Amino acid sequence: MTHMALEVKESLEERCNQMLRNMEASLTARDRVGIQDFVLLDAYTSESAFLDNLRKRFHENLIYTYVGTLLVTVNPYKEFDIYSKKQMDTYMGVNFFELPPHIYALADNVFRTMLSEFNNHFILISGESGAGKTEASKKILQFYAVSCPNTKLLNNVRDRLLLSNPVLEAFGNAKTLKNDNSSRFGKYMDIQFDHQGGAVGGHILSYLLEKSRVVHQNHGERNFHIFYELVEGGEEELLRWLGLERNCQKYRYLVQGDCAKVSSINDKSDWKMVRRALSVIKFSESDIEHLFGIIASVLHLGNIKFEADARGYASLNNNNQEMHWVSKLLGIPSQVLQQGLTHRKIEAKTEEVFSPFSVDHAVYARDALAKAIYGRTFNWLVNKINESLVNKDSSRKTVIGLLDIYGFEVFYVNSFEQFCINYCNEKLQQLFIQLTLKSEQEEYEMEGIEWEPVPFFNNKIICDLVEEKHRGIISLLDEECLRPGEATDLTFLEKMEETIGGHPHFVTHKLADQKTRKTMDRGDFRLLHYAGEVTYCVVGFLDKNNDLLYRNGKEVMRQSKNAIIKHCFPSSEPDSKRRPETVATQFKSSLVGLTEILMSKEPWYVRCIKPNEAKQPGRFDDVLVRHQVKYLGLMEHLRVRRAGFAYRRKYEIFLQRYKALCPDTWPNWKGTAAEGVRCLIKHLGYKPDEYKMGRTKIFIRHPRTLFATEDTFQVCKHKLATRIQAKYKGYRVKGDYLKQKEAATKIETCWRGLLARKERDKRAWAVKVIKKFIKGFMTRNQPACVDNSEYLAYVRHNYLTRLRDNLPKTVLEKDSWLTPPPIMQELSQLLKKLYIRLMVRKYIRGITPQRKAQLLLKAQTSYMFKGKKENYSFSVCRPFMDTRINGEDISAKVLQMIRHEHIKYSVPVVKYDRNGFRPRLRQLIFTQEAAYLVEEAKIKQRIDYISLKGVSVSNLSDNFLILHVTCDDNKKKGDLVLQCDYLFEGLTKLSLIANKQTCIKVVQGSVRFDIQPGREGFVDFKSGQESMVYRAKNGHLMVESTRTKSR
Ligand SMILES: Nc1ncnc2c1ncn2[C@@H]1O[C@H](COP(=O)(O)OP(=O)(O)OP(=O)(O)O)[C@@H](O)[C@H]1O
Ligand SMILES: [Mg+2]
């Protein structure tokens, strides 16, 4: 149970859902199985209608029904799953009328009212034997155990409160014909709560224990459970110590009903439970020892048999085993006990005399002793439990009292006990009437509604009949008991006839009319109780009222060493000189006490009904139930509750439930709840006499008005549900949408912020950089300092990077070197130098020997012609070849002739005749020693290099060359005028082969040459529109060449 508090934290939503579901269920249940509240019964004065409703619900397993705040329960005689922890949770903190009727609803309401109003309450549970009072009180107690706040300390109290039940039931309950666990005493239990609702203490009052059961049981009944539990369940050692055998049949006090064993009762397990409970309630081992010593001694006492001595007096054998066990267990010397059991003390004037008992007397005295011992031990037990429940904290506490008390009892033969019980019920009924009428009246007054007097039967007249001083039945009984002389039950009857004979609620055989007399015996008297007539048999009244223990018996007990007995028979107890109060008077005073206790508290009622006598589930005995409905005063209660208005509810609650029925109040009413209700009922068309408006509540006179409203609501509800659903869905989607939108805006804002911040930082950085740049720029020509260091580094870096990307590709491009910034001048020069060197180096490394030779040739050519001859530049790019005529193109004959001189180079040329200047194709071949002009297989002219005087070429772009030779004789041919396409190549080769670098001349205008020795010719050079060679009129060879632009 300790973890229950945790579970109580179920989500509120689930609770609400469940509540709604249950509300729904209960409302449909109204249609299906009667009504949940008798107050709403239209025919509220009809007992049959009442019964019908009860029956209908009972057959649907609905055992609880309200009469306003009173709870009627019908014993189902079977277990349902309606007392689970889950059910408790459901009912916790929920409005009384929102869930189907339940004992938990009542318990919860009492608890919450107590907490909020900080006042005291009691729940009166009444009903016939076997109707379920004790079960109901246990359910309430369990509910509190679970629902109250718990701490370790509180749990102690809670456990003791819970476990006091099995102990009291073991000692105070017994199997009867009506109930296998019948409480044979009345019980009032106070549970004390602190201001937070924690159970902090308790107190128990017990009423009128049926002691006679200790010595006598009717057929089919048993003694108190504890005897059987001890004999059946007690440990071997304990039984041995108590002198008991494990056999109930051995004990006279246990077998009179002839049913020591009952299938529905498990004495062994109950014994264990009691033992455990006793230790939790803090009974010491010695207490327990003494307690069971007493129980055992009662059993031994019952087995003591008296024998008649010669004079007919009772005698006891000295060796009587049973007596010795009693003596041992109670710690009383056996002689004293023996004397006490067989004699009575009579006080003469000055001395005390022991007078022997007859056997019958002795038996009577023994039984009286057994009853007294048990009865007083029971009281001790209750006190002991109370000690363990006592709350030591003196701060103010509120209290919920649970009164589990016998209801009206009507048997075939009714005796003194029934008289007391029914008197008790009369008192409680009176209390009920007073409290209910009072509270009704107070409510009307509080609500400002005029009080309409309620016709009801006031049973004060019956209470007076029983309890009035001097004239009441109890007074008359006491008088008969106490008066000297031969008083008997019959003289008591006569006395009553004499004194109260004319009372309208009292009748005896003698006083009755003819018809009534037939239903009574001579020794009977009949009382017309508020609940009905009960006929009592007067036999035994005096005896039971006296309940006398012979004086000697008490004295014997006072010598006991057993601590409990010692406590129960104190030496301070008044002696026999003053007679103790009679049973009826004691009971009367205890009822006065109880009434006082109850009067100061707010009442709540649970009325238990037994559906059949056979303890069978599902059987509803109409006659039996009708009888109880009457005796429990339910019709009376209903009448009072329905006196004015059948239904009343706080405006807020009423409006909350029905506001959907009026467009003005739905969905929200802005004004006060009372105005809302007024508007609502106007819309619903309530007639003025159907309702009254109180200060805080609406009062509706007839249930049908409410039902009509409820039915309209049921119809409207479904439409409403769909609308609410749609609205809610819309609301949720809208909510989601808004949330998403909000989230998007948030993200957007954040993102924009981020970007803006980035941008701002970037700009700030840029500004800084630009500023620095400008400053750097401005101070760029100053020596390196903080201001320009970065700028200069940047300039350097920038220049170097650019330089890297724009380096000249070849040495020839060296002039394309990137112009350096001023600070880099020097470095740039150095780099340029280095780089050119590097390129040159690379270039040189990349040159082949052939190419080198070629270049040397080209260099030679350049040396000779560069800047001198116009078409030189065109030759630069044309590579020189080793020869322009392959060996096979030279005539073999020629080769034959000049091979020995090693041919170095050969080239085709055009030779112009010296006379007439006709062009002829020839081969010019250079050998090691001479140049040969060859025409096919003929060597036309050999020019020894020694005889080669010089070579002339023009400065223009023609390809003419004139070889000047020394001509000593006329046989020799003169100078040669040639045109060669490979002029530069040929002349370079010639200059190198013949070592004639210096004798090659570039001339302007015209060249004189020797046609023969002594005969000269001229070649004139000029530039013209087109290249032409022709013989000019002056006899000169005219070479015209196009002007070429030098590159
Ligand atoms: N709510 C219930 N659900 C199931 N069974 C119940 C319920 N109430 C009572 N009973 C059954 O009825 C029996 C008698 O109930 P209980 O002992 O409470 O009666 P009682 O009114 O206290 O009688 P008495 O006046 O003799 O003490 C129980 O032992 C149990 O079997
Ligand atoms: Mg009971």
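Before reading on, note that the structure itself is shown above.
Residues numbered from 1 in each chain as written. Chains lettered and ligands numbered in written order. Predicted model: local features only at pLDDT ≥ 70, side-chain atom pairs only at ≥ 80, totals over all residues. Heavy atoms only, no water.

Details of the overall build of the protein chain
Across its full length, the protein chain carries 35 helices and 31 strands. Dimensions along the principal axes, computed over C-alpha positions, put the protein chain at roughly 220 × 80 × 65 Å. For the protein chain, the accessible area works out to roughly 53,200 Å², and carbon and sulfur atoms hold 53% of it. One finds the centroid of the 161 positive side-chain charges in the protein chain at a distance of 16 Å from the centroid of its 125 negative side-chain charges. (Helix = DSSP H or I, 4+ residues; strand = E, 2+ residues; numbered from the N terminus. Areas by Shrake-Rupley, 256 points an atom, 1.4 Å probe, with all protein chains shown as cover. Lys, Arg positive; Asp, Glu negative; His and termini not counted. Charge placed at Lys NZ, Arg CZ, Asp CG, Glu CD.)

Focus on helix 26 (residues 634-641)
With seven of eight residues buried, helix 26 is to be regarded as a mostly interior element. Of the residues making up helix 26, those classed as buried are Leu634, Met635, Glu636, His637, Leu638, Val640 and Arg641. (Buried < 20%, exposed > 50% of the residue type's maximum accessible area, 1.4 Å probe, protein only.)

Overview of the packing of aromatic side chains
One pass over the structure, following the stated rule, counts 38 aromatic pairs. For the ring pair Tyr686 and Tyr691, a centre distance of 6.0 Å and an interplane angle of 55 degrees mean the geometry is tilted. What makes Tyr686 buried here is its relative accessible area of 11%. Through pairs of rings, three or more aromatic residues link up here, namely Phe416, Phe419, Phe492, Phe506, Phe525, Tyr536 and Phe541. In this structure, Lys139 packs its charged tip against the face of Tyr83, placed 4.3 Å from the ring centre. Note that Arg780 overlies the ring of Phe777, its terminal NZ or CZ placed 3.8 Å from the centroid. (Phe/Tyr/Trp six-rings, centres within 6.5 Å; stacked < 30°, edge-to-face > 60°. Lys NZ or Arg CZ within 6 Å of the ring centre and 35° of its normal.)

Side note on the site of ligand 1
Neighbouring ligand 1 are 17 residues, the closest being Ser129, Lys133, Thr134, Ser182 and Ser183. Asn75 has a polar side-chain atom sitting 2.8 Å from an oxygen atom of ligand 1. Gly132 has a polar backbone atom sitting 2.9 Å from an oxygen atom of ligand 1. In isolation ligand 1 offers 620 Å² of accessible surface; the protein chains occlude 87% of this area. Listed by contribution, the elements that provide at least two residues to the shell around ligand 1 are helix 6 (133-147) and strand 5 (182-183). If you tally residues by element for the shell around ligand 1, the top one is helix 6, at three residues. (Near = heavy atom within 4 Å. Polar contact = N/O pair within 3.5 Å; in protein donor to acceptor, adjacent residues only side chain to side chain.)

Remarks on the coordination of the magnesium ion (ligand 2)
Reference values for coordination geometry: four tetrahedral donors around a metal ideally subtend 109.5 degrees, six octahedral donors ideally subtend 90 or 180 degrees. For the magnesium ion (ligand 2), every protein donor is listed as Thr134 (OG1) and Ser183 (OG), and the spread of their distances is 1.9 to 2.1 Å. Here the residue Thr134 occupies a position in helix 6, and Ser183 occupies one in strand 5, the gap between them amounting to 49 residues. For Thr134, a relative accessible area of 12% translates into the label buried. (Donors = N, O, S within 2.8 Å, 3.2 Å for Na, K, Ca; no water.)

Structural notes on the sheet that holds strand 12 (residues 398-406)
Pairing within the open sheet is mixed, and its seven strands lie in the order 1-2-16-3-12-6-7. Whereas interior strands pair on both sides, the edge strands pair on one side only; in this sheet they are strand 1 (64-67) and strand 7 (199-207). Looking at each pair of strands side by side, their axes are set apart by 20 degrees on average, direction ignored. Taken together, the eight bridges between strand 6 (residues 186-193) and strand 7 define a ladder with antiparallel strand orientation. (Pairing = 2+ DSSP bridges. Axes fitted to C-alpha atoms, helices over the stretch in contact; angles between N-to-C directions.)

Looking at unusual backbone geometry
For the bond from Trp666 to Pro667, the omega torsion is -5 degrees, close enough to zero to count as cis. If you trace the backbone, Pro667 turns up in the loop between helix 27 (651-658) and helix 28 (673-684). Positioned with a positive phi, Tyr77 is a non-glycine residue whose angle comes to about 55 degrees. Along the chain, Tyr77 falls in the loop between strand 2 (70-74) and helix 4 (85-91).

Some details on a negative patch on the surface
On the surface, a cluster of negative charge is made up of Glu117, Glu442, Glu445 and Glu602. Among the structural elements, Glu117 can be located in helix 5 (residues 103-117). (Patch = residues over 30% accessible without salt bridge, like charges linked within 9 Å, V, L, I, M, F, W, Y side chains within 5 Å. Salt bridge = Lys/Arg side-chain N within 4 Å of Asp/Glu carboxyl O.)

Things to note about the environment of Gly1035
Position of Gly1035 relative to the elements: it lies in the loop between strand 30 (1028-1031) and strand 31 (1037-1042). When the C-alpha atoms of Gly1035 and Val1019 are compared, they prove to be 9.2 Å apart, with 16 residues separating the residues in sequence.

Examining the sheet that holds strand 17 (residues 647-650)
Spatial ordering of the open sheet is given by 17-19-18, a layout of three strands whose pairing is antiparallel. A strand with exactly one partner marks an edge of an open sheet, and here the two such strands are strand 17 and strand 18 (691-693). Direction aside, the axes of adjacent strands within the sheet are offset by 15 degrees on average. Note that strand 17 and strand 19 (residues 697-700) share four bridges and pair antiparallel. Paired with Tyr647 across the bridge in strand 19 is Ile700. The strands touched by helix 16 (residues 416-447) within the sheet are strand 17 and strand 19, with strand 19 carrying the most contacts at an inclination of about 120 degrees. (Contact = heavy atoms within 4.5 Å.)

Any functional reading would require information that these geometric values do not contain.
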